[in-house]
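# Overview (structure and organization)
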Amino acid sequence: MKRIAIIILMMAPFYGHSQIKGFLDKIGNSLESVTGESTDRFDISGALKEALNKGVDKEVSKLTLENGFYKNEAVKILMPTELQKVDKTLRSVGLSSLSDEGIKLLNRAAEEAVKEATPIFITAIKQMSIADAKTILMGKNNAATTYLESKTTKNLYAKFNPVVQKNLRKVGADVAWTSIISKYNSLPLTTDVNPDITDYVTKKALEGVFKMIAVEELSIRTDIGARTSPLLKKVFAMQD
């Protein structure tokens, strides 16, 4: 700092006040890059990115395993609302196994589709700005998840939908559903139903993904023990 002061004094006879002020402003901006304030901003961005990556790696990867959806009551895909009466009716006439198999196949399709998610999440996380990170840190307990959802839902749906459709066919879910719906529609005093099962499973898979990321985010925000790196501990202490 002494050297800078000497240089400025030497420059004074040759430059006007406004020019010296501009030079000082530039120096101030340069110095800010090594101050705690600037470091904090980068720390916040890094910590939020780390937290989201942790959520994707820890929670979303679980959903891609066999029974990742089917045996997880928080995200298990059940029959669409329009077909809840189908499920109830089939069980009442001794066809519970048929209904169970149909539900299992829906969840299998979702488990397969979620394998497409990670690259899309990584891209969105990398693009998070410092301004985004500061807002998210002091936001609600699911602010980071909501950010990620806003940035990825469209692309995820486009990736998930054809995979769901392919896997519903591959594992025989289309046949199972045709059987379920046909049996229900053949029963007396029922109204025929024909939902878009591919769209339904795709949207439920998306819901499940963000629900599990939110679980990890909440854990990091509220449980000091879940902050597994010095950066997470430092930054999230700011919002405690």
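Above this note sits the structure.
A brief report on the enclosed structure follows. The numbering scheme is per chain: residues are counted from 1 as the chain's sequence reads. Only residues with pLDDT of at least 70 get local features here, since the model is predicted, and only at 80 or more are side-chain atom pairs given and counted; chain-wide, interface and lining totals rely on the full set of residues. Hydrogens and water molecules were not included; the side-chain quantities draw on all heavy atoms of the structure.

Moving on, we come to the environment of Glu217. Within the secondary structure, Glu217 sits in helix 10 (residues 197-222). Relative accessibility thresholds used throughout: buried, under 20% of the residue-type maximum; exposed, over 50%; partly exposed, between the two (1.4 Å probe, protein chains only). The class for Glu217 is buried, based on a relative accessible area of 8%. With 74 residues separating them in the primary sequence, Glu217 and Ala143 have C-alpha atoms 8.6 Å apart. Note on contacts: a residue pair is in contact if any heavy atoms of the two residues lie within 4.5 Å. Every residue in contact with Glu217, bar those within four places of it in the chain, is listed here: Lys140, Asn141, Asn142, Ala143, Ala144 and Thr145. Put simply, DSSP marks the helices as runs of H or I at least four residues long and the strands as runs of E at least two long, and each gets a number from the N terminus on.

All right, on to unusual backbone geometry then. Not every positive phi belongs to a glycine, and Asn67 is a case in point at roughly 75 degrees. By the element assignment, Asn67 lies in the loop between helix 3 (36-63) and helix 4 (84-92).

What follows is about the nonpolar core. For soluble globular proteins, the rule of thumb is that nonpolar side chains tend to be buried together. Residues belong to one nonpolar core when they are buried, are Ala, Val, Leu, Ile, Met, Phe, Trp, Tyr or Cys, and are joined through side-chain atoms within 4.5 Å. With 62 residues, the main nonpolar core has Leu48, Val114, Phe121, Phe160, Val201 and Ile213 as its most contacted residues. For this core, the element with the highest residue contribution is helix 10, accounting for ten residues.

In this section: the pattern of salt bridges. In the sections that follow, a salt bridge refers to a side-chain nitrogen of Lys or Arg positioned within 4 Å of a carboxyl oxygen of Asp or Glu. Here the structure, examined in full by the defined rule, presents ten salt bridges. A salt bridge links Lys58 to Glu216; the shortest N-O distance between them is 3.5 Å. In this pair, Lys58 is assigned in helix 3 and Glu216 in helix 10, connecting sequence segments 158 residues apart. Here Lys58 falls in the partly exposed class, since its relative accessible area comes to 39%. Accessibility expressed as a relative area gives 2% for Glu216, which makes it buried. Where Glu111 meets Arg108, a salt bridge forms, and the shortest distance between an N and an O atom there is 3.3 Å.

Everything listed here is a matter of geometry and, on its own, says nothing about what the molecule does.
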